[in-house]
Amino acid sequence: MADDVTARTGTGAAAASPSGSVRTADRARARSAGRTAGGRQSGRRSMSGQVRKRLEIFFFVAPALVLFALFVVVPVVQAGRYSVYRWNGLGPMDNVVGLQNYVDALGDQVFTGAVMNNLTIIVLSILIQLPLGLLIALLLNREMKGRTALRVIIFVPYVLAEVVAGVIWLMLLQPRGPVDAIFDALGLGGLKQLWLGDPDIALYTVMFVLTWKYLGLAVILFLAGLQGVPPDLYEAAQIDGASWWQVQRKITIPLLGPTIRTWGFLSMIGSLQLFDMVWILTGGGPANSTMTMATYLINQGTNRSLYGYSSAVAVLVFVISLVLAAIYQGFVLRRDAQDTPRTKKVKR
């Protein structure tokens with residue numbers, strides 16, 4: 001009888017097993033289908049999120065790209081187009097001269113002298129404004145009375161418009177002007193010079209005005225960089241018995257390096273584009289001693305109506321600025337990019 005029950009049970013289990021396996025298979029298929037549908041939905045969500053993110057980026061960047069194209073790319077392309085013509089800006093452009101305008105510009109001693117003047121201003125800006133601005137920033141970073149007023153006084157010249165500052169100094173440096181009157185009052189009449197009329201000192205006079213005008217920018221940038229130096233380093237150096245100069249040389253200046261290099265880049269670009277201050281003070285004279293690339297460009301294009309030639313000069317100015325900026329970026333600013341720690345991606 002037990003055998004009969006066992007046989008029946010086995011037979012029932014055997015009979016029931018196909019339907020159970022079918023149900024199990026259906027459940028597995030349902031689970032896999034659900035997972036596939038969920039994966040598709042999550043994939044669609046991620047793709048829609050990426051598309052939305054890209055559209056948002058394009059929405060905010062597009063106006064800047066349009067303005068950049070209209071006011072930078074298009075003028076550069078147009079200048080390159082005009083530069084192969086000999087054109088006075090009035091008639092049709094039908095006199096194609098190819099690269100002759102570039103050859104004439106590079107062979108002109110006035111233009112090459114203007115390039116050297118720009119390079120001289122770059123070097124003098126670094127040699128004068130860098131140590132002077134750093135020294136003033138270190139002094140103003142200390143606790144002292146009237147520190148805020150001194151900061152304002154130093155920064156005010158930078159806020160003034162270049163035209164206003166140029167006209168002020170043009171009036172001060174005139175022969176028998178206020179500067180000469182001050183020398184006479186101090187009994188130093190022998191030091192009076194034709195500050196803007198002597199070719200030997202005119203460029204250095206312009207450099208003095210530029211230092212007065214733009215020193216405030218260097219001081220403000222250096223002061224901002226000094227706020228990022230941890231005070232604990234100064235305390236540790238004082239405990240170790242380091243002198244003030246050792247603290248500045250070993251701690252302050254190295255940590256201020258990125259700010260100094262950024263200011264150097266801004267100073268270089270500003271020196272290459274220098275126009276308004278020189279144009280107001282000297283107009284590029286006397287005897288082209290203060291001529292810069294920008295004043296030479298305006299003189300050839302506006303005053304002499306050599307628009308094709310001046311377009312070639314504009315392209316040369318653009319190339320020179322681009323090359324110097326790329327060299328500075330590759331050899332100076334690249335150090336800051338290498339020192340920046342890179343986040344490592346965690347593999348999951």
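Conventions we followed
Residues numbered from 1 in each chain as written. Predicted model: local features only at pLDDT ≥ 70, side-chain atom pairs only at ≥ 80, totals over all residues. Heavy atoms only, no water. Helix = DSSP H or I, 4+ residues; strand = E, 2+ residues; numbered from the N terminus. Buried < 20%, exposed > 50% of the residue type's maximum accessible area, 1.4 Å probe, protein only. Contact = heavy atoms within 4.5 Å. Areas by Shrake-Rupley, 256 points an atom, 1.4 Å probe, with all protein chains shown as cover. Salt bridge = Lys/Arg side-chain N within 4 Å of Asp/Glu carboxyl O. Arc of directions from axis to C-beta. Phe/Tyr/Trp six-rings, centres within 6.5 Å; stacked < 30°, edge-to-face > 60°. Lys NZ or Arg CZ within 6 Å of the ring centre and 35° of its normal. pLDDT = per-residue confidence, 0-100. Core = buried A, V, L, I, M, F, W, Y, C linked by side-chain atoms within 4.5 Å.

Turning our eyes to something else, we now look at the overall build of the chain. Within the chain, the regular secondary structure consists of 13 helices and zero strands. Helices and strands appear in the chain in the N-to-C order α-α-α-α-α-α-α-α-α-α-α-α-α. Looking at the 348 residues of the chain, the share that counts as buried comes to 29%. Restricting the contact set of the chain to residue pairs at least 6 apart, pairs at least 24 apart contribute 67%. Only carbon and sulfur atoms are counted for the fraction: they give 65% of the accessible area of the chain, which is about 22500 Å².

Attention shifts here to the pattern of salt bridges. Taken as a whole, this structure holds four salt bridges when the rule is applied. Arg52 is the partner of Glu56 in a salt bridge, and the nearest nitrogen-oxygen pair spans 3.4 Å. Linking Glu56 with Arg52, this pair stays in helix H1 (residues 2-82), spanning four residues, or about one helical turn. The exposure class assigned to Glu56 is partly exposed, which follows from its relative accessible area of 40%. The exposure class assigned to Arg52 is exposed, which follows from its relative accessible area of 59%. With a shortest N-O distance of 3.3 Å, Lys192 and Asp184 are connected by a salt bridge.

The linkage connecting Gly285 with the following residue, Pro286, adopts the cis geometry, with an omega of -5°. Residue placement: Pro286 occurs in the loop between helix H11 (276-281) and helix H12 (293-303). Its identity is not glycine, yet Arg176 carries a phi of approximately 60°, on the positive side. Relative to the helices and strands, Arg176 is located in the loop between helix H5 (162-172) and helix H6 (178-185). For Arg176, a relative accessible area of 78% translates into the label exposed. Of note, the phi angle at Ala287 is positive, near 55°, even though the residue is not glycine. In this fold, Ala287 is placed in the loop between H11 and H12. Classification of Ala287 as exposed rests on a relative accessible area of 70%.

Those residues of H5 that sit buried are Ala165, Gly166 and Trp169. Buried residues along H5 cover an arc of 100° about the axis, so they all sit on one side.

Now for the packing of aromatic side chains. Applying the stated criterion across every chain yields a total of 13 aromatic pairs. With a centroid separation of 5.3 Å and 80° between ring planes, the pair formed by Phe59 and Phe60 is classed as edge-to-face. For Phe60, a relative accessible area of 65% corresponds to the exposed category. Site record: aromatic cluster; members linked through ring pairs are Tyr82, Trp87 and Tyr307. A cation sits over an aromatic face here: Lys213 above Tyr214, 4.9 Å from the ring centre.

For the chain, the mean per-residue pLDDT works out to 83, and 82% of the residues sit at or above 70. The weakest mean pLDDT in the chain belongs to H1 at 68; the strongest belongs to helix H3 (residues 109-140) at 93. Note on residues 341-348: pLDDT is under 50 here. Beyond four places in sequence and across chains, it has zero contacts.

Quick look at the side chain of Thr295 now. Checked against the element boundaries, Thr295 lands in helix H12. Ignoring sequence-local partners within four residues, the contact set of Thr295 consists of Phe275, Val278 and Trp279.

Once that is clear, we can look at the side chain of Thr282. With respect to the helices, strands and loops of the structure, Thr282 is situated in the loop between H11 and H12. When its relative accessible area of 18% is taken as the criterion, Thr282 is described as buried. Apart from the residues within four sequence positions on either side, Thr282 is in contact with Leu196, Val206 and Thr290.

In this structure, Phe111, Met268, Met293, Tyr296 and Val313 are the most contacted members of the largest nonpolar core, which totals 21 residues. Of all the secondary-structure elements, those providing two or more residues to this core are helix H2 (100-107), H3, helix H10 (257-272), H12 and helix H13 (307-339). With nine residues, H13 is the largest single contributor of residues to this core. Ignoring sequence-local partners within four residues, the contact set of Tyr296 consists of Asp108, Val110, Phe111, Met291, Tyr309 and Val313.

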